[in-house]
Amino acid sequence: MGEFEVHRVRFFGLVPAGVRCLVCQPRGGRLALARTDGAVEVYNFAANYFQEKVIPGHEARSVEALCWAAGDRLFGAGLGGDITEYDLARLCAAHSVDGCGGPIWSMAANSSGTQLAIGCEDGSVKLFQVVPGGIQFERNLDRRKGRILCLSWHPSDTHIAAGSIDILRVFDVRSGQTVQRVMVNYHVQKVKRECIVWSIAFLSSGTVVTSDSFGRVQFWDWERGTLLESHTISTSAVLSLAVSEKEDSIIVGTSTGATYQFQLLPVKTGSLEKRWVRTKPFQHHTHDVRAVAHSSTALISGGLDAQLVIRPLMEKMQKKGYEAALRKFTFPHRRLVSCARKARLLLFQFSQHLELWRLGSTDETGDDGEVLPLRRMPEHLVQLKSKGPEHIYCSCVSPCGSWVSYSTASRFHLYRVQYEGDGVSVKKVPKVPKLLLPAYQLQFSSDSSSLFVASARGSVHVLQLLEPGGCKHLHTLQPPSGSPEAVYLLASSADGHWLAAVGGDWAIHIYNLKCFKHHCMVPMYSCAVTAVAIHPVTNNLVITYSDQQLFEFSIPEKQYTAWSRMVQNRGLHKVWLERDSPITHITFNPKNPSHILLHDIYMFCVLDKSLPLPDNSTLLMNQGTLKQLPETARQRQLHAFKICKKFQPLLFADLLDEKCLVMVERPIMDIKTQLPLPIQQKKFGT
Amino acid sequence: MVAPATLRVVRCGGSTLHGARAVFSADSKYLLCASGDFVKMYSVATEETLRLMGGHADLVTGIQLNPHNHMQLYSSSLDGSIKLWDFMDGIPIKTFTVGSKLLALYTLASSEDSVFVVIPKSGERDKFQLVSVKLTKAAGQDVEAKELSVVLDGVDASPKCIAFGREGEYVASVKEVNLQVYFFKQKQLNRFSVSAMKTKSGNNCFTCIACHPTEDCIATGHANGKIRLWRNFYHKKEYTFSTLHWHHDTVMDLAFSIEGTSLLSGGVESVLVLWHNESDCQKDFLPRLGSAIEYISMSSDGALCCTLHTDNRITIINSNLRFSKSIQGLIKSPGVKTGLVVDPRTKALVLNGEPGHLQFYCLQSDQQLFSLDIVQRQYIHQAGLNQADLVKVAFSAQGKWLATVEEREEVADPELQLKLWFYDEETQSFKLNTRINMPHEDHITDMCFRDMDELEDDSLILVTAGRDCVFKVWVMVEDTDPEAQQSVSWSCDFVGSYHNYQATNCCFSEDGSLLAVSFEETITVWDSVTWDLKCTFCYPPGKVRNICFGRLTCSKYLIGATDYGFLCCWNLLSCALEWSAHLNVLVLQPDPLSEHIAAVSWLSKESSLFVFKPNEPRPVYIQRNLCKEKIRLAAFVPRDEPEMISSEKYLWLRRSQLFFLTDMQELMTLSTKSLEERLTPSSKQLAVEESLPVTPFSVLLGKHRRQQSQEDTDLGKRVLHNKREQDSPAVRELLHTPAHVLPSASFLCPIFINSLLISKENKSAEEVADEVEMESEKTQEDSDEERDVTEMEQEDTSPMELLGEMTCKLSKSQEKELRKIRKMDYSWISAF
C-alpha cells in the first residue's frame, strides 16, 4: 500500500486564452502580454520570468496592441476603440481615452516614450501626447482608406511606417504627410487575393521590414520604395515580427506555429556587406503565433495555443544553466483551485465562472500504483456565473465548504452554501461591507470563521463570518510604512493567530490576528515570492521564491530557522535550482511535522527536513532508483527531496487528511482538443 | 607487340565505379569520371566513352582539374600516387608517389604547387587526416612527393566530407556530429557540433558538405535528411545555421551552383532537389532518376550538372533541371540472381539491371545497350518490401528465344512466373510470347534451352529444374485458338523426377541428345528424345553444386562439382568416374568455342582460377589469388576475332574472353596486355572534330567528298573531270537555293540521287572494297566467317583490268596484319 491515497482530478476544464500581443519594456526587464480575453500580464525577466502581475480581462475590452511609454507606463488599445492605461500597482485599468477612429488595430510609442501613434479602422493614424496622468490627442496624420494594421516609428522619431492591406505607407511626423507608398503585392500578378501586411518594423538604417499574409518577410528601402530582399518562409501568413534593440536580429511568427529568426550577417569575413539570413526555425506552437518579442537575450513568442515560449539565444549566454533553458508557460503562475479539506470540495476558478465539485470516494485499498474503483463518482455541485463583463480576480472556498467567495474588478461576492442530503443550495450573503476593490486574494481562516481579503496598497481586510449567512468588517491590516503595491498572496496559521501577506513589492508582512497588529516583516529578498504557507504546528512561515530558493521563517522568533540557514549555507541542488516553473502551492502534513509538501507545474515534492540535503553529485530525482535498491542501501541513499513527476501538468496539489492527497491535472492534449483546428500541413510531399 | 609473361586481372566495370565526384572539363564538352582503376572520359554530347586512362594500380579515389592548366587533370589512387594527365590526349604527364593510401584529392587555385589529399593517420586505425602535398617541379616522369604537411586531423575518409571555401580561404570538414573549419590565413580552427541524440529528429550525423563559392556559407547534409546552412562560423559562439528539410533519408551529396544562388541535393529518393536562395519554400525537383544519387557535380560554366548514382549510372542534367543524357555502364543491381548470360545475338552480357529489369551490357563500349522490363511492375523504394525480381534467364542458341523466371519471396509460398520472349525482328526487341504462372510449386533452381544451332525451331526445348523435386520440359505448340495473335506458345511436355529429391541443376550436352539433371547428390542423365533415364552418377557425400558437359573433342565427359569440395569428371561412354580433384568450386563455366572449362574456387579468403580440359586431369592454367572477394559468376564471351597469343599457357584465351562478377558486382577479366595498354579494342584516336555530333546529312556529304578525294588521289586525273563538274552543281544548287523557292522534294530526289551515282564504267573495285570495309568495321559484331565471305565477294566482283589495283590488293593475311597494326596503340610514342 502506498503512502498516500491520491485523488487524481482531471475534470478542471480550464482553457487558457491565447496570447494576442507581447511587448518588451524598452531598456527594462519586463514583458507585457495581452491575451485574447483581454487579460494583461506582466512577466519579470529578473525574477526568472515570473508572472508578476495579472490584470484579468474584460468582455468589452479586447487588447489588440500594447506598448510601454514614458518608462514603465503600460498602454493598451483594442477593437473597442479606446486607449487604456493600466495601473500596474492596483492591477486594473486606470483610465481610457476614446481614439475616435473606430476600432484600433495597432499602437506604437516613439523611442523616447513621449508620443503614441495609433492605427485605426478608418485608415487614420493619430498621434497622442503622453502627459502625466493620461494621454492627450495631438493630431491626425494623412488619412487614406484601409485599416492600419501595424505601425512602427523610425528610431529617430521622424517617420512612421504603417502597414495596411496591399500597401505600406511612410508618414513624415512633422508634416503629417504620406512620403512613400509601396504596393506590397506588386510582384504577384497572378494572385488576386489581397495581401495583408500583418506586421512592420522601421529600422534605423531606413529599411522597412514587413511580414505579410503571403508568407513573406520583405525588406524595403523606404526612400526609394524598392524591395531590397524578400524571404518566403511559409505558405501561410507571417503574423508577427519583432526586432532586437541592436537591429541585428528579427524574430517572426507564422500561422503554422513556427517561428523563425533572421540575422544580419556579413556575407564574407571582414567585409562590410551584410545580408539578412533566415537562420533558426522553431516549432514550439501548434497554432498561430500572434505575437513575438525580442529581448536582449531571448526570443519570445506567444500563440493562440496559449503558450508563451521563451527561447534564450545560446550565443548570448555566458554559461549553460538555468538561464539558457527553454521555457514554455501555458498556465498562470498562481493557483486557480481552492480546496475545502474537511468537506472534500474543490473550487475551480474560470475567467467568468466558478465550479464547485465534490470529490469521489472509495472503500477499497490497493497496492502502490493501483487504480482504485470509485464508490461514488465526483460530483459537480454548483456553477456560479459572474455577472457583468468583468473577469474574476480571485476566489476561495472555506475549509468547511459552506462559504464561497470571489471578487471581480468592481464587485465582491460571498455565498453561503448549504448541503441538504444530495441537494445544494447557494445563498448570496447580503450586505457585504463596502471594501476597496478589487480583492487580489481571498483566504478563509482554518476554522472558517473569518475571511481575509487582500487589497490594494498593501492592506488586508479581515471579515468575520456570521451564521447563518452574514458578515462583518472587523479590521483592516496595513503595513506600518505603507506600500503602493497590492497584496497578492496570503497565508493564515492553523491556530488563527498569524497572517502573512505578500505585496507586489515582494515584502512579506506578518500580522498578529489576536490584536490585529503588525507583528514583523520577513527580511527582503530580491526575488518574487511564489508561495507562502504557515506550518500548523511550529508556526514557521515557509516561503518559496521565483529563483527556486526556499526559506523557513519562525514567526514567533522573528528570524529564519536553523534549518533554513543550513539550507542557505549548503545550497540547494543544482537540478532543483534549474527548474523553470515556480512553486505555486505549499502545504503540510500535520502528522509528520518535518514534511513540507510543495509542487509546481511539472512535479510534486515532499521535502523531509529530517533527512540530509542532497549535494550536486547525487541524483535529485532518485525515487525510481531507490525503489530498486534493497532496504539497507535505500536508507543510505535517502535525501530530503522526494520528487514525483507522475502528475503533469499539475495545477494544484493539497493534502486532504493524513493519507489522502488531491492532485488537479490539466493534460495539454485536453486543451488542444478545445482549440480550433490548426492549419493543415503536409508532413511529406511537396 | 611482345606478350607479357603474366596474365593480369583487370577491372572493367561494375561496383565501385565512381570513387569520387565527376569533373567536367573547362569547356563542359567532356566529363571525367573515376571508374575503378581508371579515369574515364565521356563526351557530354554523344555519351560515348572517349578515353580510358589507366595506369593506377588500385582504385582511383579522386580526380580534379589542374587549376592552373585546365587541359590537365590530377588523379589520386589507393596505390598512393597522384598522376597528372593530359586528358585530351590521354597521356600521363607525371606520377607523384606519395606513399600512403590516398582517399580523396582536392586542388586549390590559390595554392601554387600543392594539392590536398586525405591519407590514413600513421599508427592509428580508421583515423584520417587531410594533408597538403607539395608537388615538386623536378624533371622526369616519376617523382617522389614526400613533402606533406597536415592541415586537418580527424577527418572522414569519404571525399564528400571535406570542402574548400570561397577562394580557398578556409577548409571545412565533417565527421559524425562534428564540423571543423580551418582558416588558412588566420590559422584558426573552429569546431562545432550538433547534438548526437538520436531522438525523434533521427540520426543527426553529418554525411556531406559543400561550401558556397562566393560567400561564407557552408552547407552540410545529415543522415536524417536535413540540410544545414552554416554562417558566421568564424565566431566560435555566434555561429548560426538554418535548416532545409525535404529528404526523408540521408542526404548523399550537395553542390552549390556556380554563382551560389542555388543548392542541389540528392539522396536515396533518386530525386534531385534544387533549392533557390537557400529558402525552404522555393525548391524544384527532378524526380525518377532511377536510383540513389551518390555524387553531384557542376560544370564550371554552370550549364550542366552531373549526378552519379549508386547503380553506376551517370546522369547529365541541364541547368534548368531538365534531364539531358544518361551514361550507363554496368548497372549495379540489388543482387545478380540471373547469373552472367551472353546474348548470342549481340554478344552482350545479360544480367539483372534495375530492379525487375534485364540489362544488356556491351562489353566493348562499356555501355548499357538496353534494359528490358521483365517484371513490368512499378518498383517502390522501401525497405522491407518484398518485390518481384528476376531470378533466372536463358537464351536459345541463336538468341531468338528468351526465357525468364521471376519470383516474389513470400514466407509461405513464393510467387513464380515463367515468361518466354520472342525476338521480334521488326521492332528489334523481345516480345512476350507466353506467360506461365507457377511453373513449379517451389523455387526454380536452374533453366536451360536445348542448345542446337542447326536444328529447326520446333525442336527447341526448355528445361526447368525446381526445388519441388521435379524437372519440367517445355515445348512449343501450335496455337489452335484462331483468335490468338501468335502462332506458337509454350506448354509443358514432360515432368521428370528422381526419388523425390530436389532438382538443382540441369544441362544439355553439346549435341542436345542428352540432358543431365542433378538431384541433390545424384546426377541423372536422360535421353532428350524419349525422356528415358539413361544412367546416374554420384560422388557422395555432398550435393551437386554445378554440372556441365564437355565440348567439342571432350563431349563424352560430364563434369560436376559438389558441396564437399570435389570436382569430378565422368566418362559418359563408360559411365565411370574418369578423375576427381579436391577443389571447392564455386563456378564452373565451359567455353562454348573450345574444350576448356574454367573453375573458380574459394579457399581461405581468396578466389583462384583453374582452367582445364576434361580429358586431362591436369589443369591448363592456374591463377591463384585471382581476387580477394568471392567470385559468384563467370562467363566466357566469344571474341570477335581470335587473339594472337604467343604464350602456350594462355592459348585458352584465344577464342573467348573470361569475365567474372565478384560479390561487390565488380566485373573483371583476364588480360594478357600490359598495364599501359588499353583494354577496349576500339582505338578511337580522339580529336576534337571527331567527337562533334554528326548529322545524317553531313555524313552523306562527307562520304561523298571523301569518295571524290579518293578518286582524285587514287585514280589521279584519269577520272573525268566533267563528271564531277556535272554532279557538284546539282548538290550545290540544292544547298544554296532558298528553301521556299525549291521545287518539291519528289522532283529533286531523283536529281540528287543521280548526282551521287557513279556511272558503271568508272566503278572501281576499290570503292566497293572501301565501302565494304567501312561497313564491316561498323558492325564489329559480325563474325569472322561473315567477313571472309564479304571479302570473297569483293574479289569476285572486282573487274579484271584496273589501275592501282596492285597497290591495294593484298592477301587476306596481309590485310589482317594491316588491320591489326591500325588498331595498335601508338599513343605511347607521344609520351616521349
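Residues numbered from 1 in each chain as written. Chains lettered and ligands numbered in written order. Predicted model: local features only at pLDDT ≥ 70, side-chain atom pairs only at ≥ 80, totals over all residues. Heavy atoms only, no water.

Q: Could you give an account of the overall build of chain B, naming the residues involved and the relevant values?
A: Along chain B, the regular secondary structure elements total 8 helices and 57 strands. Counting the 832 residues in chain B, one finds 51% classified as buried. (Helix = DSSP H or I, 4+ residues; strand = E, 2+ residues; numbered from the N terminus. Buried < 20%, exposed > 50% of the residue type's maximum accessible area, 1.4 Å probe, protein only.)

Q: Lay out the overall build of chain A in plain terms, naming residues and giving numbers.
A: Secondary structure summary: chain A contains 5 helices and 55 strands in total. In terms of overall dimensions, chain A is globule-like: its C-alpha atoms have a radius of gyration of 27 Å, near the 26 Å expected for 686 residues. Each principal axis of the C-alpha distribution contributes one length, and for chain A these read about 75 × 60 × 50 Å. Counting only residues that meet the buried cut, chain A has 60% of its 686 residues in that class. Across chain A, every contact between residues at least 6 apart in sequence was considered, and the portion connecting residues at least 24 apart equals 48%. Counting only carbon and sulfur atoms, one obtains 51% of the accessible surface of chain A, whose full area is about 28200 Å². Treating the 75 positive side-chain charges of chain A as one cloud and the 61 negative ones as another, the clouds have centres 1 Å apart. (Rg over C-alpha atoms; globule rule 2.2 N^0.38 Å. Contact = heavy atoms within 4.5 Å. Areas by Shrake-Rupley, 256 points an atom, 1.4 Å probe, with all protein chains shown as cover. Lys, Arg positive; Asp, Glu negative; His and termini not counted. Charge placed at Lys NZ, Arg CZ, Asp CG, Glu CD.)

Q: Report on the domain arrangement of chain B, specifying residues and quantitative values.
A: Domain assignment breaks chain B into domain 1 (8–159), domain 2 (161–329) and domain 3 (539–674). Here the C-alpha centroids of domain 1 of chain B and domain 3 of chain B sit 37 Å apart. (Domains from an automatic or database assignment.)

Q: A description of the environment of Ser608(B) should follow, citing residues and the corresponding values.
A: Relative to the assigned elements, Ser608(B) resides in strand 53 (residues 606–612). Aside from chain neighbours lying at most four places away, what touches Ser608(B) is Ala599(B), Val600(B), Ser601(B), Gln623(B), Arg624(B), Asn625(B) and Leu626(B).

Q: A description of helix 1 (residues 562–570) of chain A should follow, citing residues and the corresponding values.
A: For an α-helix the count is 3.6 residues per turn, leaving residues at separations of three or four pointing the same way. Residue and element names in this part refer to chain A. Listed in full, the buried residues belonging to helix 1 are Trp563, Ser564 and Val567. An end-on view of helix 1 places all buried positions within 100° of arc, on one side of the element. In helix 1, the exposed positions angled more than 90 degrees off the buried face are occupied by Ala562 and Asn569. Phi turns positive one or two residues past the end of helix 1, at glycine 571, with a value near 85°. (Arc of directions from axis to C-beta.)

Q: I'd love a proper account of a negative patch on the surface, names of residues and values included.
A: Residues and elements named next belong to chain A. A grouping of Glu364, Asp367, Asp368 and Glu370 is seen on the molecular surface, where their side chains present a negatively charged patch. Assignment of secondary structure puts glutamate 364 in the loop between strand 32 (353–358) and strand 33 (379–385). You can call glutamate 364 partly exposed: its relative accessible area is 44%. (Patch = residues over 30% accessible without salt bridge, like charges linked within 9 Å, V, L, I, M, F, W, Y side chains within 5 Å. Salt bridge = Lys/Arg side-chain N within 4 Å of Asp/Glu carboxyl O.)

Q: With reference to specific residues and values, describe the sheet that holds strand 17 (residues 178–183) of chain B.
A: Residues and elements named next belong to chain B. Spatial ordering of the open sheet is given by 15-16-17-18, a layout of 4 strands whose pairing is antiparallel. Each of the sheet's edge strands pairs with one partner strand only, and the pair in question is strand 15 (162–164) and strand 18 (188–193). Taking each pair of neighbouring strands and ignoring which way they run, the sheet shows an average axis angle of 15°. (Pairing = 2+ DSSP bridges. Axes fitted to C-alpha atoms, helices over the stretch in contact; angles between N-to-C directions.)

Q: Describe the packing of aromatic side chains, with residues and values.
A: All names here are of chain B. For the coordinates displayed, the defined rule picks out 52 aromatic pairs over all chains. Ring plane angle 5° and centroid distance 6.3 Å describe the contact between phenylalanine 164 and phenylalanine 184, whose orientation is recorded as stacked. Taken together, the residues phenylalanine 164 in strand 15 and phenylalanine 184 in the loop between strand 17 and strand 18 connect sequence positions 20 residues apart. With relative accessibility at 15%, the residue phenylalanine 164 sits in the buried group. Centroid distance tyrosine 498 to phenylalanine 519: 5.9 Å. Interplanar angle 40°. Geometry classified as tilted. Residue tyrosine 498 is found in the loop between strand 42 (488–497) and strand 43 (503–508), and its partner phenylalanine 519 is found in strand 44 (residues 514–519); the two are separated by 21 residues along the sequence. The exposure class assigned to phenylalanine 519 is buried, which follows from its relative accessible area of 0%. Residue placement shows lysine 160 over the ring face of tyrosine 295; its charged tip is 4.9 Å from the ring centre. Seen from the ring of tyrosine 423, arginine 345 lies directly overhead, with NZ or CZ sitting 3.7 Å from the centre. (Phe/Tyr/Trp six-rings, centres within 6.5 Å; stacked < 30°, edge-to-face > 60°. Lys NZ or Arg CZ within 6 Å of the ring centre and 35° of its normal.)

Q: I'd love a proper account of the sheet that holds strand 15 (residues 159–163) of chain A, names of residues and values included.
A: Residue and element names in this part refer to chain A. With respect to topology, 4 strands assemble into an open sheet ordered 14-15-16-17, the strand pairing being antiparallel. Either end of the sheet is taken by a strand with one partner, and the two such strands are strand 14 (150–153) and strand 17 (178–183). Direction aside, the axes of adjacent strands within the sheet are offset by 15° on average. The pairing of strand 16 (residues 167–172) with strand 17 spans 5 bridges and is classified as antiparallel. By the bridge assignment for strand 17, valine 170 is matched with glutamine 180.

Q: Can you break down the pairing of strand 20 (residues 216–221) of chain A residue by residue, with the values?
A: All names here are of chain A. The buried fraction of strand 20 amounts to 6 of the 6 residues, a majority that puts the element mostly inside the structure. Every second residue of strand 20 is oriented toward a common face, with Arg216, Gln218 and Trp220 on one face and Val217, Phe219 and Asp221 on the other, all of them buried. With 5 bridges joining them, strand 19 (residues 207–212) and strand 20 adopt antiparallel strand pairing. Each bridged residue has a counterpart across the sheet, and for serine 211 the counterpart in strand 20 is valine 217. Linking two consecutive strands that pair antiparallel, namely strand 19 and strand 20, is a turn of 3 residues; a positive phi of about 80° is found at glycine 215 within it. In textbook terms, the turn of a hairpin is the stretch between consecutive antiparallel strands, and for strand 20 and strand 21 (residues 226–232) this stretch comprises 4 residues, one of which, glycine 225, has a positive phi near 70°.

Q: Lay out the pairing of strand 25 (residues 272–276) of chain B with the relevant residues and their values.
A: Residues and elements named next belong to chain B. With 4 of 5 residues buried, strand 25 is to be regarded as a mostly interior element. Examined bridge by bridge, strand 24 (residues 262–267) and strand 25 share 4 bridges and lie antiparallel to one another. Bridge pairing links serine 262 to histidine 276 in strand 25. One ladder, built from 4 bridges, connects strand 25 with strand 26 (residues 283–286); its direction is antiparallel. Bridge assignment links leucine 274 to a residue of strand 26, and that residue is aspartate 284.

Q: Now, about helix 3 (residues 745–756) of chain B: what can you tell me, with residues and values included?
A: Residues and elements named next belong to chain B. Over its 12 residues, helix 3 runs 16 Å from end to end, which matches the ideal 16 Å to within 8%, given 1.5 Å per residue. Where helix 3 is concerned, the buried positions are Leu748, Phe752 and Ser755. All buried residues of helix 3 fall inside an arc of 55° around its axis, so they share one side. Of the exposed residues in helix 3, those oriented more than 90 degrees away from the buried face are Ser746 and Asn754. (Expected span 1.5 Å × (residues − 1).)

Q: Help me get a handle on the interface of chain B and chain A, residues and values and all.
A: Facing 22 residues of chain B, the contacting portion of chain A comprises 22 residues. Inspection of the region where chain B meets chain A yields 1 salt bridge. A salt bridge links Glu215(B) to Arg275(A); the nearest nitrogen and oxygen atoms lie 2.1 Å apart. At the surface where chain B touches chain A, the tally comes to 6 residue pairs in polar contact (both at pLDDT 80 or more). Take the side of chain B that touches chain A: its biggest share by element is 5 residues, from strand 22 (residues 240–245) of chain B. When the residues that make up the side of chain B that touches chain A are grouped by side-chain class, the tally is 6 nonpolar, 8 polar and 8 charged. (Polar contact = N/O pair within 3.5 Å; in protein donor to acceptor, adjacent residues only side chain to side chain. Nonpolar A, V, L, I, M, F, W, Y, C, P; charged D, E, K, R; others polar.)

Q: Got a sec to walk through the UniProt feature "repeat: WD" (unreviewed entry) in chain B? Specific residues and values, please.
A: Residue and element names in this part refer to chain B. On the UniProt side, "repeat: WD" (unreviewed entry) is annotated at positions that read residues 53–95 and 244–275 here. From the first C-alpha to the last, residues 53–95 spans 13 Å; its make-up is 0% helix and 65% strand. Between the C-alpha atoms that bound residues 244–275 the distance is 9 Å, and the span itself is 0% helix and 56% strand. (UniProt positions renumbered as here; feature names shortened; annotations may be inferred.)

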